[in-house]
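What follows is the residue order along each chain.
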Amino acid sequence: MGFKGTKQEKKENYDKKLCDLLEQYTQVLVCAADNVGSTQLQGIRKGLRPDSVVLMGKNTMMKRSIRMHAERTGNQAYLNLMTLLVGNVGLIFTKGDLKEVSEEVAKYKVGAPARVGLVAPIDVVVPPGNTGLDPSQTSFFQVLNIPTKINKGTVEIVAPVELIHKGEKVGSSEAALLSKLGIRPFSYGLVVESVYDNGSVFSPEVLDLTEDDLCARFAAGVSNVAALSLGISYPTLAAAPHMFANAYKNVVAVALATEYSFPQAEQVKEYLADPSKFASAAPVAAEVSSVSAAPAAAKEEEKAPEPAEESDEDMGFGLFD
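Quantities reported herein were computed from a predicted structural model and do not represent experimental measurements.

Caption draft 1: Structural detail: the sheet that holds strand β12 (residues 200–202). Pairing in this open sheet of five strands is antiparallel, and the strands run β2-β3-β1-β11-β12 from one edge to the other. Of all strands in the sheet, those bounded by a partner on one side alone are β2 (52–55) and β12. Each adjacent strand pair in this sheet contributes to an overall mean axis angle of 25°, direction not counted. Here β2 runs beside strand β3 (residues 89–94); their pairing, made up of four bridges, is antiparallel. Each bridged residue has a counterpart across the sheet, and for V53 the counterpart in β3 is F93.

In structure tokens, the structure reads:
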């Protein structure tokens with residue numbers, strides 16, 4: 001049962017409850033609660049226990065409590081929550097894994113009918129087939145330009161029809177038709193809009209990132225840093241290997257163009273002075289590979305089965321000779 005008392009006592013009790021939650025939890029999910037009923041919300045509360053707590057309330061009361069708590073404790077990180085309290089939202093305080101809690105919240109969705117004046121969150125398509133309605137109900141289909149035919153005394157929809165597009169308001173005719181067909185096209189539940197974690201605020205899409213995604217993005221960032229460093233000739237850890245390689249090439253080029261030499265450039269000069277050494281180096285590599293492959297071939301020959309003895313049938317004699 002809820003807290004009973006005067007209006008001022010209820011505000012003080014709510015303020016104390018919110019401040020206690022801010023002290024105990026460092027992770028908060030800010031969720032939109034449009035079209036979520038009390039029974040559905042109660043089911044969500046039970047499903048998230050004991051690691052998470054759902055708190056609903058007026059935005060002005062929550063902002064006031066958060067601001068006063070930040071002033072009392074000196075922790076200004078809580079103020080980041082205030083900008084997120086816009087519209088019909090609720091707070092889920094949790095000590096569990098943010099991704100798992102977000103997935104658990106998404107499970108509690110309930111189908112809902114299309115009400116007049118409601119903005120459609122998705123496209124609504126009426127499937128073809130028998131509606132079970134008698135022929136006197138064809139006026140609904142005619143108003144909405146839905147092709148139908150009479151089959152065995154009932155109205156049958158011939159082809160699928162996009163009745164309502166996403167973002168459009170539901171009209172009275174559309175709502176009445178969907179109600180007659182028993183179609184509940186929409187589903188509602190708490191939708192995570194933002195995530196608060198130890199003072200940081202980020203989008204819930206971040207929770208879907210895997211280790212492979214993080215590694216790929218980190219590698220792309222390192223590549224960008226290396227490219228920028230090389231472009232402006234500014235040394236960084238990411239560009240250091242490329243800079244050393246380019247410097248070595250430049251030094252070798254200088255050694256080849258002048259009489260100056262160093263041990264690493266001697267072999268290059270020998271190859272350029274006598275190109276036949278390129279050809280002599282290739283057979284050596286081939287010989288090494290053939291020598292390593294010889295023992296394996298010998299083992300295969302040893303394992304090869306001996307040929308079977310020739311039978312009388314292989315001596316040129318047929319069955320009727």
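Caption draft 2: Focus on the packing of aromatic side chains. Tallying each qualifying case throughout the model produces two aromatic pairs. Between Y25 and F93, the aromatic rings sit 6.1 Å apart at their centres with planes inclined by 50°, giving tilted as the arrangement. Of the two residues, Y25 is situated in the loop between α1 (7–24) and β1 (27–32) and F93 in strand β3; the sequence distance between them amounts to 68 residues. Overall, the relative accessible area of 0% leaves F93 in the buried class. With centroids separated by 6.4 Å and ring planes inclined at 65°, the aromatic side chains of F186 and Y188 adopt a geometry described as edge-to-face. Here F186 falls in the buried class, since its relative accessible area comes to 1%.

Caption draft 3: Representation of the pairing of β1. Extensive coverage of β1 is indicated by the burial of six of its six residues. Where burial is concerned, the two faces of β1 agree: the one with Q27, L29 and C31 and the one with V28, V30 and A32 are both buried. With six bridges connecting them, β1 and β3 associate as antiparallel partners. Counted as the bridge partner of C31 is G90 from β3. The pairing of β1 with strand β11 (residues 191–197) spans six bridges and is classified as antiparallel. Residue pairing for β11: C31 is matched across the bridge by V192.

Reading guide: rules and limits
Residues numbered from 1 in each chain as written. Predicted model: local features only at pLDDT ≥ 70, side-chain atom pairs only at ≥ 80, totals over all residues. Heavy atoms only, no water. Pairing = 2+ DSSP bridges. Helix = DSSP H or I, 4+ residues; strand = E, 2+ residues; numbered from the N terminus. Axes fitted to C-alpha atoms, helices over the stretch in contact; angles between N-to-C directions. Phe/Tyr/Trp six-rings, centres within 6.5 Å; stacked < 30°, edge-to-face > 60°. Buried < 20%, exposed > 50% of the residue type's maximum accessible area, 1.4 Å probe, protein only.

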